[in-house]
Amino acid sequence: MTLSKCYDHAPEIARQWVLGDEAAARQVERALAAAGMSMDRVVARAISFKLKQIERIDRMLTAVEVHRSAALHNLANYRAPLAQKLRRAIAQEEAAALVPAAPRLPAAEPA
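Residues numbered from 1 in each chain as written. Predicted model: local features only at pLDDT ≥ 70, side-chain atom pairs only at ≥ 80, totals over all residues. Heavy atoms only, no water.

**Notes on the overall build of the protein chain**
The test is simple: Here a helix means four or more residues in a row that DSSP labels H or I, a strand means two or more in a row labelled E, and each is numbered from the N terminus.
Scanning the protein chain for helices and strands turns up five helices and zero strands. The order of helices and strands in the protein chain, counted from the N terminus, is α-α-α-α-α.

Rendered as C-alpha cells:
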C-alpha cells in the first residue's frame, strides 16, 4: 500500500492498530518506513511534544508523595501516644477488676 493510500485510510488503520490488529500494525510500520520513520522516532517526537506536561505531572506526583509521607509521619506520631494511653487505661481497669472490694464493716453503735 502506498503512503498516499495509507493516508486516506489513516483514521481507520489507526483505530485498528490501537485495538491490536496485527495487519494494521504491519501497515503502520510500512507507512512509517516509507516515510523514513520508525515507531521509536514517533514515540520520541510525541514525548518531546508533551515533555512539559510530563514534567508537570512528575512534579505533581512528587508533591503528592511528600504530602503522603508527611501525613503518615503525623499519623504515626499521633497514634503512639494514643496507644500508650489506651494501654495504661486498660491496665488500670484490669488491675481494678482483680482487686476485690474490701468488706465494709458495720458502723459502730454508740455506747
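**Some points on the pattern of salt bridges**
Our working rule: By definition here, a salt bridge exists when the distance from a side-chain nitrogen of Lys or Arg to a carboxyl oxygen of Asp or Glu is within 4 Å. Only protein chains enter the accessibility calculation, which uses a 1.4 Å probe. A residue is then buried if its area is under 20% of the maximum for its type, exposed if over 50%, and partly exposed in between.
The tally for this structure, following the rule as stated, stands at one salt bridge. One salt bridge in this structure joins E12 and R15, with 2.8 Å as the shortest N-O distance. Within this pair, E12 and its partner R15 are both found in helix α2 (residues 10-18), separated by three residues, close to a single helical turn. By relative accessible area, which is 35% here, E12 ends up partly exposed.

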